[in-house]
Amino acid sequence: MKTTSDASQTAHEPWNKGKLIGQKPPLKLQEIWTVRTQLRMTGKTRELALFNLAIDSKLRGCDLVALRVRDIAHGNHVIARASVVQHKTREPVRFDLTDQTREAVQAWIKEAALSSADYLFPSRQNGSPHLSARQYARIVKRWIQLMGADPQEYGTHSLRRTKATLIYRQTKNLRAVQLLLGHRKIERTVRYLGVEVDDALDIAEHIEC
């Protein structure tokens, strides 16, 4: 039986006890290709389409799983550039789809026999019209295991952050990344990418003491 002291200690136990918190790191190029290769080799058409689309679109999980076929395809043709209204901000965000993403998504649409009005990633569970954000998060954990990393250190925002981080590192154009992520304020983009920290570390690496 718990004492009053034990109950009080439990009630005031930090919510994040035993959990890793903070910004989830983006995937590196080698890690991206490791996951893609594993998904191709195991014939996971749906997951390959989901993974590639998550990287290219830079969408939040809730927006990614709610995509319909018509959002990224005209008839049987997957388009090269799409625009989606974000659930959180109610503002549109545009993104390009690479050839390999379009091929992967096209293969999934054909395999699943999806029509234009269908959700792109329908749920396999009764009562849910499409893959849920929670189910997507579990799938992401499996992808992280495929690349040999700790699933607790990554999350769905790792996928959202991946291409945005690569673009910033190559261009240093924060405004462009802000638009691609659909952020209202550039300060949000700075915090989201953690670019000030990354830049400081890069500078530190080149200073000899």
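What counts and what doesn't
Residues numbered from 1 in each chain as written. Predicted model: local features only at pLDDT ≥ 70, side-chain atom pairs only at ≥ 80, totals over all residues. Heavy atoms only, no water. Helix = DSSP H or I, 4+ residues; strand = E, 2+ residues; numbered from the N terminus. Buried < 20%, exposed > 50% of the residue type's maximum accessible area, 1.4 Å probe, protein only. Contact = heavy atoms within 4.5 Å. Areas by Shrake-Rupley, 256 points an atom, 1.4 Å probe, with all protein chains shown as cover. Phe/Tyr/Trp six-rings, centres within 6.5 Å; stacked < 30°, edge-to-face > 60°.

(A) Quick look at the overall build of the protein chain. A count of helices and strands for the protein chain gives 11 helices and four strands. Relative to its full complement of 209 residues, the protein chain shows a buried share of 39%. The contacts of the protein chain with a sequence gap of at least 6 include a subset with a gap of at least 24, amounting to 58%. Taken as a whole, the protein chain presents about 12,600 Å² of accessible surface, with 52% of it coming from carbon and sulfur.

(B) A look at the packing of aromatic side chains. Applying the stated criterion across every chain yields a total of two aromatic pairs. Taken together, a centroid distance of 5.1 Å and an interplanar angle of 85° make the contact between Phe 51 and Trp 143 edge-to-face. With Phe 51 in helix 3 (residues 45-57) and Trp 143 in helix 7 (residues 133-146), this residue pair connects regions lying 92 residues apart in the sequence. As far as the burial class goes, Phe 51 and Trp 143 line up, both buried. A ring pair is formed by Tyr 136 and Trp 143, whose centres lie 6.3 Å apart and whose planes are at 75°; its orientation type is edge-to-face. As far as burial versus exposure is concerned, Tyr 136 and Trp 143 are alike and both buried.

(C) Just the side chain of Arg 161, in detail. Topologically, Arg 161 is positioned in helix 8 (residues 156-171). Dropping the residues within four chain positions of it, Arg 161 is found in contact with Gln 23, Lys 24, Pro 26, Tyr 192 and Leu 193.

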